Amino acid sequence: MIFYDPRTVALSLTGIHCELMCSHCKGHYLKTMQSPKQVLSQKGFEAKSFLISGGYTKEGYLPLAENKELLLEFKNAKLNVHPGFLRSEDLLVLKELDAVVSFDFTQDQKVIQEIYHLPYSPDDYLLQYETLIKTGLKVVPHICLGLGSFDEKTLASLVNLNPEKVVLLIFRPTKQTPLQNKAVPAICDLKKLWLKFRNAYSGKIILGCMRPGGIYRLQVDSLALEIGFDGIVKPSPALKAKLGEVKTFKQCCAF
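This text gives an overview of the structure that appears in the document. The structure presented is a predicted model; accordingly, all values stated were derived computationally and were not measured.

### Let's talk about the sheet that holds strand β10 (residues 248-249)
Strands pair in a sheet through their backbones, by hydrogen bonds, and they do so in one of two ways: parallel or antiparallel.
Reasoning step 1: Pairing is parallel across the open sheet formed by ten strands, whose spatial order is β2-β3-β4-β5-β6-β7-β8-β9-β1-β10. A strand with exactly one partner marks an edge of an open sheet, and here the two such strands are β2 (9-12) and β10.
Reasoning step 2: Inspection of the sheet shows strand β3 (residues 49-53) paired to strand β4 (residues 78-81) by four bridges, in the parallel sense. Bridged to F50 within β4 is L79.
Reasoning step 3: Where helix α6 (residues 151-161) meets the sheet, it contacts β6 (139-145) and β7 (165-170), and its direction lies at approximately 165 degrees from that of β6.

### Here we look at the pairing of β3
The side chains of a regular strand alternate, residue by residue, between the two faces of the sheet.
Reasoning step 1: With four of its five residues buried, β3 lies for the most part within the structure.
Reasoning step 2: What joins β2 to β3 is helix α1 (residues 36-41), and the crossover it makes is right-handed.

### Topic: the packing of aromatic side chains
Reasoning step 1: Counted under the stated rule, the structure contains nine aromatic pairs.
Reasoning step 2: Consider the rings of F85 and Y120, whose centres lie 4.2 Å apart with planes at 20 degrees: the pair is stacked. Placement of F85 in the loop between β4 and α3 (88-97) and of Y120 in the loop between α4 (109-115) and α5 (122-134) is noted, with a sequence separation of 35 residues between them.
Reasoning step 3: Between W194 and F229 the ring centres are 4.7 Å apart and the planes differ by 45 degrees, which places this aromatic pair in the tilted class. Of this pair, W194 sits in helix α7 (residues 187-200) while F229 sits in the loop between α8 (214-227) and β9 (231-233), and the two are 35 residues apart along the sequence.
Reasoning step 4: With a relative accessible area of 4%, F229 lands in the buried category.

### Here we look at the pairing of strand β5 (residues 100-104)
Reasoning step 1: Of all five residues that make up β5, four are buried, and the element is covered over most of its length.
Reasoning step 2: Note that the unit made of β4, α3 and β5 has a crossover that is right-handed.
Reasoning step 3: Where β5 and β6 come together, four bridges link them in parallel fashion. Residue F103 lies in a different strand from β6, and its bridge partner there is P141.

Rules behind the numbers
Residues numbered from 1 in each chain as written. Predicted model: local features only at pLDDT ≥ 70, side-chain atom pairs only at ≥ 80, totals over all residues. Heavy atoms only, no water. Pairing = 2+ DSSP bridges. Helix = DSSP H or I, 4+ residues; strand = E, 2+ residues; numbered from the N terminus. Contact = heavy atoms within 4.5 Å. Axes fitted to C-alpha atoms, helices over the stretch in contact; angles between N-to-C directions. Buried < 20%, exposed > 50% of the residue type's maximum accessible area, 1.4 Å probe, protein only. Right-handed = clockwise from strand over helix to strand, strands pointing away. Phe/Tyr/Trp six-rings, centres within 6.5 Å; stacked < 30°, edge-to-face > 60°.

Spelled out as structure tokens, the structure:
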């Protein structure tokens, strides 16, 4: 078990602007990210790694090619890019940056259309993943559990794809979004889902940073430990106190 306490700096290429405005976020999390230009202008600013993200277009991509020269300023650091769907020119930028790709993955058509507002299908997600793999980039699928009804189908697809590492997230209701009152997954349902996935999948499973807080967080963190996950990002303080000294990685779990 590894704990992740990342010092990776999150950057938004689009500021707080997002055309897509997914129903579970509505651009809320962009407010916590920094501007690449502002970071570059800060004298003495140093960071070993950066998360490159931002708001997406209605087609679901991040404007990487349009910001190529800006992104190359960060090339000497470790980069984790959260690009959404990619155009061919964006793939070229990712290869030049030698970036890790965090790819949101789902096989739930309802989630794609009604929550992400994207004009795609589950097959399009499979094709995009396969395209990324063929480029030789390191790709880490991210799955947000609890958004729809087909989490088991999504995880079964990942077993077949067999990536080196998978990051599991849990839907977290966010105020002032259409899903602010949606229930989070029951712990008993997560246990069944995770046990089946752990038994079928031989790669590394990381419990990612996006998940609810409070008592629920302690419960899911303890469950991840019980089932045999390989890492937990920002673990519950109570779990940390219980386990004592555990190896801690100070960068994003995608690295």
